[in-house]
Amino acid sequence: MIRRLTDGLPRRALALLLLFAVVMALAPFFVSDYVLSVLIISLYFAFVGQAWNLMLGFAGQLSLGHALFVGIGAYTSAALFTHFGIDPWVGVVAAVALSTLMGCIIGYLGFRFSIRGVYFALLTIAFAEFTGIMVDNSAWLGGSAGLFLPVKNAGSIDLLNLRGPPTLFYYLILILTGGALVLCRFLLNSKLGLYWQAIRDDQEAAEAAGVPLFRYKMIAVAISSALTGVAGVWYAFYYNNLFPESTFATGRSVELILGAVVGGVGTLFGPILGALILTPLGELLTALTSGLQIDGIKTFFWGFCVVAIVLFRPSGVWPWLAGLLKLDGRAR
Amino acid sequence: MTAAASRSAALKVEGLTRRFSGLTAVDNVSFEVPPGAIHALIGPNGAGKTTTFNMIAGALKPTAGEVLLDGRSLVGMRPDQICRAGVGRTFQVVRPFGQISVAENVAVGALSWTDDLAEARRHALAMLELLGLADKRNALPGSITLPDRKRLEVARALATKPKLLLLDEVMAGLRPTETDRMVATFRRLNEETGVTIVLIEHVMRAVMALSHHVVVLNYGKVIAQGTPAEVTRNPDVLACYLGVEELS
């Protein structure tokens with residue numbers, strides 16, 4: 001199992017990855033609270049970017065509504081916690097079940113009726129938007145006034161109820177991001193991964209070579225929406241407040257995937273690298289221009305980054321960086 | 001295999017018809033291919049050859065008619081099911097998986113009968129060796145020559161272990177020596193594995209050298225069929241298609 005994961009990876013890549021993991025694991029001991037909060041949000045985008053990349057980068061299915069799965073995961077676990085006192089470790093099961101179910105419904109509609117490319121993306125947007133509207137009108141979920149999780153004194157760590165300082169959430173999202181990386185590497189080097197890539201590269205040719213398109217696309221959506229649902233649970237308990245408008249908006253979906261797009265769609269490390277570049281840069285810019293009162297400067301900057309990437313590094317930053325570091329060009 | 005099945009044709013096409021809003025691309029086409037035979041499907045451009053292939057392989061639904069593989073109907077099955085039932089096909093315009101290596105392209109085909117990726121990769125390598133592509137196994141399809149991509153197309157189809165192989169103009173664009181090599185490969189494959197082959201081909205050198213039987217289509221209809229020698233003497237065929245070509 002371990003050998004299968006590391007097989008074909010150059011030693012340099014493994015060593016660098018290990019170094020990166022160690023640096024990330026020790027980071028909370030050396031950085032300020034502010035830097036830690038930026039790292040936390042970066043890792044969150046890295047994790048969701050990885051989950052989203054599994055659908056587009058591996059299986060070729062474009063979703064522009066991944067905020068939906070975050071939202072379902074977040075609202076499910078938060079509602080169970082606030083209304084029934086059900087702890088997030090149980091809540092996550094319900095959250096993942098619901099977000100996966102929603103992913104499968106969208107997948108079924110899209111793939112069964114051969115809705116492809118941008119039209120499939122529109123379908124994902126539509127589901128995210130109307131779910132947002134439904135939550136907006138649900139008093140039980142707090143409606144537009146928002147859903148708030150009870151906050152205890154932040155000093156103590158309550159692992160069962162996920163109440164605690166930012167460091168707790170940092171390590172949680174770090175473990176999740178690492179786990180997603182390992183999972184994706186494993187999936188990509190399996191029959192599933194090869195079938196996904198075949199579908200991504202040429203759907204008709206894949207089908208003629210014996211790939212059951214519907215089944216394998218459904219598996220991709222199911223895994224992607226499940227992982228994103230887990231991110232939603234983390235999100236709810238980290239922020240302690242949820243608003244339908246900001247949770248389900250298409251802008252949020254786009255924000256979630258920018259890191260993966262900049263880092264390199266279809267690569268394994270791209271979503272992590274992209275999120276670790278974009279989020280801190282965006283935060284830095286916000287901090288630098290805070291006195292100037294320029295609305296939307298971060299969004300403008302991110303837009304600029306995407307245009308620059310499309311123009312100069314259309315396959316993303318990671319393949320280029322991997323080349324510079326003399327890692328195998330296809331090491332992803 | 002039962003006695004009845006062994007006597008029946010490997011592929012039987014009966015009254016196959018496809019209309020595209022007013023245009024009948026394939027019109028009541030029938031032919032039979034015995035097990036282990038090599039048949040050629042020829043005819044001028046637009047005669048309906050590729051449309052016929054698409055219907056056999058399930059990429060297009062026939063308007064009417066029947067396709068039987070070893071006596072079992074393929075009509076209504078999905079392309080991947082037809083592949084698993086034993087039909088391997090190539091595309092006239094090559095359609096490799098562009099972002100995975102040549103070897104992985106072929107391994108996708110092998111995964112239709114095995115879940116073991118290592119076994120699929122081993123089989124893929126064997127197919128690549130058979131077609132003289134083994135040294136290109138780590139290349140991306142975009143970086144190899146068109147003749148090599150044509151071979152890749154064949155290797156991927158072969159990797160699915162087909163009983164029936166549909167080859168759509170795999171020799172177009174090859175030099176005569178390359179054509180001869182490809183012909184030799186198919187002949188050896190046919191003798192060693194007994195795979196039934198139907199090929200669409202414009203390269204008459206290959207048709208004459210390879211096929212036991214030729215079906216000629218024109219305007220969607222079968223206008224002649226028989227041995228290569230018979231077909232090339234047929235005045236209808238000469239008139240519509242071969243009239244100007246000097247056959248060697």
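Residues numbered from 1 in each chain as written. Chains lettered and ligands numbered in written order. Predicted model: local features only at pLDDT ≥ 70, side-chain atom pairs only at ≥ 80, totals over all residues. Heavy atoms only, no water.

Caption draft 1: Local environment of the interface of chain B and chain A. Every contact between the two is made by 26 residues of chain B and, on the other side, 20 residues of chain A. Taking both partners together, chain B and chain A bury about 2,000 Å²; carbon and sulfur atoms supply 59% of that area. The interface formed by chain B and chain A includes 3 salt bridges. Between R95 of chain B and E204 of chain A there is a salt bridge, with the nearest N and O atoms lying 3.1 Å from each other. The tally of links between chain B and chain A comes to 12 residue pairs in polar contact (both at pLDDT 80 or more). Sorting the residues of the side of chain B that touches chain A by element identifies α3 (79-85) and α4 (102-110) of chain B as the ones contributing at least two each. When grouped by side-chain class, the residues that make up the side of chain B that touches chain A number 11 nonpolar, 7 polar and 8 charged. (Contact = heavy atoms within 4.5 Å. Buried area = accessible area lost by both parts, 1.4 Å probe. Salt bridge = Lys/Arg side-chain N within 4 Å of Asp/Glu carboxyl O. Polar contact = N/O pair within 3.5 Å; in protein donor to acceptor, adjacent residues only side chain to side chain. Helix = DSSP H or I, 4+ residues; strand = E, 2+ residues; numbered from the N terminus. Nonpolar A, V, L, I, M, F, W, Y, C, P; charged D, E, K, R; others polar.)

Caption draft 2: Layout of the domain arrangement of chain B. Residue and element names in this part refer to chain B. Taken as a whole, chain B is organised into domain 1 (1-86 + 163-248) and domain 2 (93-161). Here the C-alpha centre of domain 2 lies 23 Å away from the C-alpha centre of domain 1. Carbon and sulfur atoms supply 66% of the area that domain 1 and domain 2 bury against each other, a total of about 1,200 Å² over both sides. For domain 1, the biggest contributors to the area lost against domain 2 are C83, M182 and L189; these three give 26% of the whole. The interface formed by domain 1 and domain 2 includes 0 salt bridges. Scanning the region where domain 1 abuts domain 2 turns up 2 residue pairs in polar contact (both at pLDDT 80 or more). Looking at the side of domain 1 that touches domain 2, the elements that each hand over two or more residues are α3, β7 (164-168) and α7 (176-193). Among the elements that take part in the side of domain 1 that touches domain 2, α7 stands out by supplying 7 residues, more than any other. A class-by-class count of the residues in the side of domain 1 that touches domain 2 yields 9 nonpolar, 1 polar and 6 charged. (Domains from an automatic or database assignment.)

Caption draft 3: Structural view of the sheet that holds strand β4 (residues 64-69) of chain B. Residues and elements named next belong to chain B. Strand order in this open sheet of 4 strands is β2-β1-β4-β5, and the pairing throughout is antiparallel. This sheet does not close on itself; its edge strands, each paired only once, are β2 (23-33) and β5 (72-73). Pairing geometry for β4 and β5, over 2 bridges, is antiparallel. Following the sheet pairing, L68 is matched in β5 by S73. (Pairing = 2+ DSSP bridges.)

Caption draft 4: Region of the structure containing the packing of aromatic side chains. Summed over all chains, the structure comprises 19 aromatic pairs over all chains. On the numbers, 5.9 Å between centres and 85 degrees between planes, the contact of Y108 of chain A with F214 of chain A is edge-to-face. Taken together, the residues span a long stretch of sequence, with Y108 of chain A in helix α5 (residues 88-112) and F214 of chain A in helix α10 (residues 213-239) at a distance of 106 residues. For F214 of chain A, a relative accessible area of 32% translates into the label partly exposed. An angle of 70 degrees between the planes, with centres 4.9 Å apart, marks the rings of Y238 of chain A and Y239 of chain A as edge-to-face. Looking at Y239 of chain A, the relative accessible area reads 32%, which means it is partly exposed. Joined through ring pairs, the aromatic side chains of Y44, F45, F169, W234, Y235, Y238 and Y239 of chain A make up one cluster. A cation sits over an aromatic face here: R95 of chain B above F91 of chain B, 5.1 Å from the ring centre. The ring of W113 of chain B carries the charged tip of K161 of chain B above its face, separated from the ring centre by 3.7 Å. (Phe/Tyr/Trp six-rings, centres within 6.5 Å; stacked < 30°, edge-to-face > 60°. Buried < 20%, exposed > 50% of the residue type's maximum accessible area, 1.4 Å probe, protein only. Lys NZ or Arg CZ within 6 Å of the ring centre and 35° of its normal.)

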